[in-house]
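# What the coordinates show
These are the residues of each chain, in order.
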Amino acid sequence: MKIIKEGFFLVVLALISMMVACNDPVQDELESQQKVYEDSLAQAQIDSSVIVDYWDANDYGDTLIYSVSGIEGRGVRYVILEDGTGDYPVINDIVSIHYVGKFTDGTIFDTSIDTLALMTDSLAWVEVWKDYPLADNDFSQETLYVGETVDDNGTRVSVDTIDVTGMTTGEKLTELAFSSEPLDITLYYSSRSFTPTTYNHTETGTGIPSNFVSGYRTGLHALTPYLNHGASGLMMFPSVLGYGVYGTAGANGTGSDVIPGNTVIVFEIYLQNIRP
């Protein structure tokens with residue numbers, strides 16, 4: 001009996017040891033951190049390949065790379081698209097720029113230029129609803145038909161209609177942004193102030209507004225000395241310096257202008273003004 005009890009005790013002790021080993025929170029956390037690290041390295045390689053392919057496809061040739069770490073694929077790549085005229089910014093100058101944020105497929109997800117936002121949204125409207133069966137939607141109508149479903153008789157009917165009598169194009173687009181079937185990418189809001197970004201050009205880049213993602217701030221800091229009045233440049237950066245693994249939803253709260261996770265970001269920069 002004693003032998004049996006001792007044997008039973010050893011089995012129980014072994015099981016407890018296995019349970020403790022399997023539920024070690026420290027070990028679980030270490031393994032989780034290791035997986036995140038390995039995933040980040042893999043994504044950095046993917047992003048690097050996307051950036052190189054984009055660069056080659058657009059024939060940008062020689063490029064400047066601002067490295068922010070020793071890991072390949074985590075730097076910001078930038079190029080001057082067009083030279084301007086006059087002097088270049090010097091340290092402590094106040095610089096104003098317009099920007100256009102894009103995906104590598106050319107889709108614009110953000111811009112500070114109101115005319116571009118209006119045009120892009122209008123084009124998106126035409127593209128999404130050009131085959132809509134109930135009406136030939138355009139911005140001259142007083143009612144816009146949004147979305148469609150099938151009724152009990154099998155007839156396609158509108159999900160939503162918007163009374164846009166007397167509205168400007170911008171106001172109509174703003175209404176569409178908050179409709180039950182918003183546009184795929186919503187850029188224009190009548191309540192938004194479309195103005196250049198103004199910042200203090202410093203040696204460390206601390207004058208650039210902190211509400212932008214780190215890749216944008218790094219790229220803008222690197223580009224600024226090479227841009228004179230009227231010049232334009234382009235920057236690209238990997239997802240780790242942009243919107244990360246999870247991406248971000250759009251400002252209208254509908255999720256219509258989501259930036260997907262693990263997305264390489266492109267920004268075009270247009271220098272508007274330099275003053276001491």
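The structure displayed is predicted, hence computed values, not measured ones. (Residues numbered from 1 in each chain as written. Predicted model: local features only at pLDDT ≥ 70, side-chain atom pairs only at ≥ 80, totals over all residues. Heavy atoms only, no water.)

## Focus on the overall build of the protein
- Per the secondary structure count, the protein includes 5 helices and 9 strands.
- When the helices and strands of the protein are listed from N to C terminus, the series reads α-α-β-β-β-β-α-β-β-α-β-α-β-β.
- Every one of the 276 residues in the protein was classed for burial, and the buried ones make up 39%.
- The contacts in the protein between residues at least 6 apart in sequence include a share of 63% that link residues at least 24 apart.
- Accessible surface computed for the protein: about 15500 Å², of which carbon and sulfur atoms make up 54%. (Helix = DSSP H or I, 4+ residues; strand = E, 2+ residues; numbered from the N terminus. Buried < 20%, exposed > 50% of the residue type's maximum accessible area, 1.4 Å probe, protein only. Contact = heavy atoms within 4.5 Å. Areas by Shrake-Rupley, 256 points an atom, 1.4 Å probe, with all protein chains shown as cover.)

## With respect to the pattern of salt bridges
- Counted under the stated rule, the structure contains 2 salt bridges.
- Among the salt bridges present, the one from Lys102 reaches Glu268, with a minimum N-O distance of 2.7 Å. In this pair, Lys102 sits in strand β3 (residues 94-102) while Glu268 sits in strand β9 (residues 265-275), placing the two residues 166 residues apart along the sequence. Residue Lys102 shares its accessibility class with Glu268, and that shared class is buried.
- A salt bridge links Asp110 to Arg192; the nearest nitrogen and oxygen atoms lie 3.1 Å apart. Remark: Arg192 occurs in the loop between α4 (169-177) and β7 (197-200) and Asp110 occurs in strand β4 (residues 108-111); sequence separation between them is 82 residues.
- Under the relative-accessibility criterion, Arg192 is labelled partly exposed at 27%. (Salt bridge = Lys/Arg side-chain N within 4 Å of Asp/Glu carboxyl O.)

## A short note on the nonpolar core
- Ile97, Tyr216, Leu220, Met235, Phe237, Phe267 and Ile269 are the most contacted members of the largest nonpolar core, which has 25 residues in total.
- Counting only elements with at least two residues in this core, the list comes to β2 (76-82), β3, α5 (214-223), β8 (232-237) and β9.
- Counting 18 residues, the second largest nonpolar core, distinct from the first, contains Val100, Val146, Val164 and Phe194. (Core = buried A, V, L, I, M, F, W, Y, C linked by side-chain atoms within 4.5 Å.)

## Side note on unusual backbone geometry
- In the Ramachandran plot, Asp59 falls in the positive-phi region, its phi being about 55° despite a non-glycine side chain.
- Topologically, Asp59 is positioned in the loop between α2 (25-57) and β1 (64-66).
- With relative accessibility at 67%, the residue Asp59 sits in the exposed group.
- The backbone phi angle of Asn92 is positive, close to 80°, even though this residue is not glycine.
- You can see Asn92 is positioned in the loop between β2 and β3.

## Here we look at the confidence of the model for the protein
- In the predicted model, the protein carries a mean pLDDT of 81, and the fraction of residues at 70 or more is 79%.
- Ignoring residues within four places in sequence, the model shows residues 251-256, a span with pLDDT below 50, making 14 contacts including any to other chains. (pLDDT = per-residue confidence, 0-100.)

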